[in-house]
Each structure stands twice: as C-alpha cells, then as structure tokens.
Amino acid sequence: MSKKITIEPAKRVKDLPPYLFATIDKMKVKALSKGVDLIDLSIGDPDTPTPKHIVERMRKAVTNPAHHQYPSYVGMLSFRQAVADWYKKRFNVTLDPKTEVVSLIGSKEGIGHMPLAFVNPGDYVLVPSPGYPVYPVATLFAGGKGYEMPLLEKNDYLPDLDSIPETVLKKAKLIFVNYPNNPTGACADRAFYTKLIKFASDNNILICHDAAYSEMYFDEEKPLSFLQLPGARNVGIEFHSLSKTYNMTGWRIGFAVGNKDAVAALGKIKSNIDSGIFQAIQEAGIEALQTDDKVLAKIRKMYQGRRDALYKGLTKLGLEVSKPKATFYLWVRCPKGLSSMDFTTLLLNKAGILTTPGSGFGKPGEGYIRFALTVPVKRIKEAVARIEKVL
Ligand SMILES: *Cc1c(COP(=O)(O)O)cnc(C)c1O
C-alpha cells in the first residue's frame, strides 16, 4: 500500500489571477439546468463550419502516410511558403518563408511561449488591459511582471505609450498589442503603428502584435499588418491565426512572422517543447490560405449583418455601444449604476442572455460588457427584444 501524498502546486499556478469566467460558467450551467432558452453571446468562437474545400483537402491529406510521422516544429516549407504568399497578396509584404515564418499550434501557443523565449525573472512585459488573458499569464509563467497599459475609450482604446514610467521601460522586454482588438473591437491606424515602432526602437522592446482578427473586418475597411510600416521588421513579430478567418478554431493552426531573431528564438522554445502541427492540418492550412476572397466576403457579410442588427438594437435601447470596424465583438457600456458583473448577471438571470463582463479582461474593462456575434440575426433580434423588457 502507498500513502497518499500531497504535492503543492507551483507558485506560478497559485499566483494565477482568479478566473472570473468560472463563476459565469457556473451561472450558465445553472440556467441551462433550469431549461432556460439561452442565447450565448459570450464565446469568441465562430458558429459556422470550416469552408468545404478546406475540409475536403484535409480528408485527402489524412490518408497520406507521409503525414503520419513527426512533423518539423517550424512547419512544412510549403505551409510557410503559403503564409508568405498570403502576406504578399493581402498586405504586399515580402517574407522569407525559411527565416521569417514559423508555424504555430494556434496563435495562442506562440503567444504563450513568447515570454519563455525572452523574459527573465523580474523583467517587465507591457500588456494591454482589457486584453487577452494569455499575455499576462504567459508573462507570469516565465517569471516576468506584467505592466498593464489601460485601453481607454477616450484614447480610442490605444495604449498611452508616453505614460509608461521610465523604470518600467528600462526593464521591459516585450510589448503585446492586439488590433483589431479583442475585447473592444477597436482598430489601430498607421499613425499608431508608426509611433509604436519608434517607441520599440527607442526603448529596445520587442513588439508582439496579435493580428488574429485582421480578416474579420466590416465596411471593406481592411485592417493593416504592422509589418506594412517601415522598420517594423527590425522591432517585432506578428501573430496570426487561421482560427477566426476560416472558422478553424478546432484545428489548431496559426503562425508568427517578422523579425528573424524573434522567429528563431520562438522556434527554439518550440523545438524543445512540441513537435509541430499535424502535417495533414498544414495541408488544409495551405488550402485555407488560398481561399477565394468571395468565400471570405460572404462570411464577412454575415457578421456585418449581425453587427448591424445588434448595434442598431442596443443603441435604440439607449445603450452606449462602440461600433466595431472589425472583430466579431461589440463592447457595450453598462447602464448607470451597474458594474460589469451586475449587468452580466442581470442579462443572464432576467433575459437568458450570456455575455462576458469587461472586468474579466482586466480592471479598465470594468463598466463594459462584451457581446460576441456568434448567433444568427434572428436570435440577435430576439436577444434585443428580451433586453428591452429588462431595461
Ligand atoms: C481567438 C484569439 C486568438 C487566436 O487563437 P488561436 O490559438 O489561434 O485559436 C489570438 N488572440 C486573440 C486576442 C484571440 O481572441
């Protein structure tokens, strides 16, 4: 017989910030168990299937025995070439597929590993708040300290780079930025990227730009790649994902491009931790990157219809909503006197609508909630009608 032992979890696990969304998960389960006809607008996961031609390519690729062995961690050259071709076509940016592209098992994987490649204990990483929780958590796992850059409405949800203290800048290694932005739906313009590149160069800080939503845009206003700006490649890399663009969140495929040294350092971490993306998925990824723009235009049109319906509906009810130019999120101000959690709870318990409290993305997100456009227009209209009754 052996005696049961207790191993203390590591400090980095105990130091994890409280997971606010766990509370909401519990409320969701409770509502479902009561038989509520829930309208779930809380998840950043496309609700429509991966386009057929991509699935078909996967079906064929999966039978190829060459794909049944270990892939290379950097990714097949043909996949990296497809990435470079896509960048050329979409952004007119030329990349060397051998040295400036690395494949990722979803961009979350690359973002999560980035601090391991560059951050020593005590170093700072500049992270947007509200923001994708992976940036501060990955920083913490590497022993670094996250410095929160508030994204405020009055600054168009861009970080105020001039307000970061000198003491922080001296010890900062990386800066994470994310446009089009989750959760606010904000976009960055050329002027911001120009300023960011100068900031990175002046302070010797590597830019990590998360561009997961660059293809989810509205009104034909195409977001920029920060690599389109002069000097970008000297100071940063850009993370991309096939998840949102091609409805492929479950497939786990993404990539990082840009600065050679950063790509190599991330690759070095990966080669010691994972063994690359299943090659059949990379083949499907090549197919995805070559998708006819007509297919994507149709998907964008669908989201635009949903955005317009929800924006119009909520605005009519007197709610203050930032109209997003991209992403599939609406960032909505809570009515006076209600916190993010209050408003989320009210909508769930009184209207059967699940949203995400802004405070879950960081303190400056307090006072807002996020709606995801992941249900058809008919359900969005139903949601608006229910909210009208509650307010
Ligand atoms: C969805 C999302 C991603 C993409 O994650 P994958 O791992 O590629 O599926 C990256 N960044 C942000 C901010 C996201 O919302």
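To be clear, the structure that these remarks concern was listed above.
These remarks concern the structure in this document. This is a predicted model, so every value here is computed, not measured.

Cut-offs applied
Residues numbered from 1 in each chain as written. Predicted model: local features only at pLDDT ≥ 70, side-chain atom pairs only at ≥ 80, totals over all residues. Heavy atoms only, no water. Near = heavy atom within 4 Å. Polar contact = N/O pair within 3.5 Å; in protein donor to acceptor, adjacent residues only side chain to side chain. Areas by Shrake-Rupley, 256 points an atom, 1.4 Å probe, with all protein chains shown as cover. Buried < 20%, exposed > 50% of the residue type's maximum accessible area, 1.4 Å probe, protein only. Helix = DSSP H or I, 4+ residues; strand = E, 2+ residues; numbered from the N terminus. Pairing = 2+ DSSP bridges. Salt bridge = Lys/Arg side-chain N within 4 Å of Asp/Glu carboxyl O. Expected span 1.5 Å × (residues − 1). Contact = heavy atoms within 4.5 Å. Core = buried A, V, L, I, M, F, W, Y, C linked by side-chain atoms within 4.5 Å. Domains from an automatic or database assignment.

Before going further, it helps to examine the site of the ligand. Near the ligand there are 14 residues, and of these Asp210, Ser241, Ser243, Lys244 and Arg252 occur at the shortest range. Between the ligand and the protein, one listed contact pairs a nitrogen atom with a side-chain N or O atom of aspartate 210 at 2.6 Å. Tyrosine 213 has a polar side-chain atom sitting 2.6 Å from an oxygen atom of the ligand. Protein chains bury 94% of the 390 Å² of accessible surface belonging to the ligand in isolation.

Our focus in this paragraph is the pairing of strand E7 (residues 236–241). Burial analysis of E7 places six of its six residues in the buried class, which makes it a mostly covered element. Residue alternation in E7 divides its side chains into two sets, Gly236, Glu238 and His240 and Ile237, Phe239 and Ser241, and both sets are buried. Across four bridges, the pairing between strand E6 (residues 206–210) and E7 is parallel. By the bridge assignment for E7, aspartate 210 is matched with phenylalanine 239. Pairing of E7 with strand E8 (residues 254–258) involves five bridges; the strand directions are antiparallel. Opposite histidine 240, over in E8, you have phenylalanine 255 as the bridge partner.

This part covers the pattern of salt bridges. Per the counting criterion, the structure on display carries 22 salt bridges. The shortest N-O distance in the salt bridge between glutamate 320 and arginine 333 comes to 3.6 Å. With glutamate 320 in the loop between helix H12 (293–316) and strand E9 (321–322) and arginine 333 in strand E10 (residues 329–333), this pair connects stretches of sequence that are 13 residues apart. Taken together, the salt bridges that share partners define one network made up of Asp37, Arg379, Glu382 and Arg386.

For helix H13 (residues 340–351), spanning twelve residues, the distance from its first C-alpha to its last is 16 Å, which sits close to the expected 16 Å at 1.5 Å a residue. Here the buried face of H13 lies against helix H2 (20–33), E10, strand E11 (353–354), strand E12 (356–357), strand E13 (368–372) and helix H14 (377–390). Glycine 352 sits one or two residues past H13 and shows a positive phi near 65°.

Within the secondary structure, serine 103 is located in strand E2 (residues 101–104). Exposure remark for serine 103: the relative accessible area of 1% places this residue in the buried category. A polar contact of 3.4 Å, which involves the side chain of serine 103, links it to the backbone nitrogen of glycine 75. Residues within four places of serine 103 in sequence aside, it is in contact with Tyr73, Val74, Gly75, Phe79, Gly254, Phe255, Lys270 and Ile277.

Core analysis: the largest hydrophobic core is formed by 100 residues, its most contacted members being Tyr87, Leu126, Ile175 and Phe371. Sort the elements by how many residues they give to this core and helix H4 (residues 77–91) lands first, with seven residues. When residues are assigned to domains, this core turns out to be shared by domain 1 (11–49 + 294–390) and domain 2 (52–289), each giving three or more. Not counting the four nearest positions on each side in its chain, phenylalanine 371 is found in contact with Leu41, Leu310, Leu314, Phe328, Tyr329, Leu330, Val332, Leu347, Thr355 and Ile387. Counting 20 residues, the second-largest nonpolar core is a separate cluster that includes Leu104, Ile111, Met114 and Ala256.

Another point: the sheet that holds E13. With antiparallel pairing, four strands are arranged side by side in an open sheet as E9-E10-E13-E12. For this open sheet the edge positions go to E9 and E12, each flanked by a neighbour on one side alone. With two bridges joining them, E12 and E13 adopt antiparallel strand pairing. From the neighbouring strand, threonine 356 faces E13, where its bridge partner is arginine 370.

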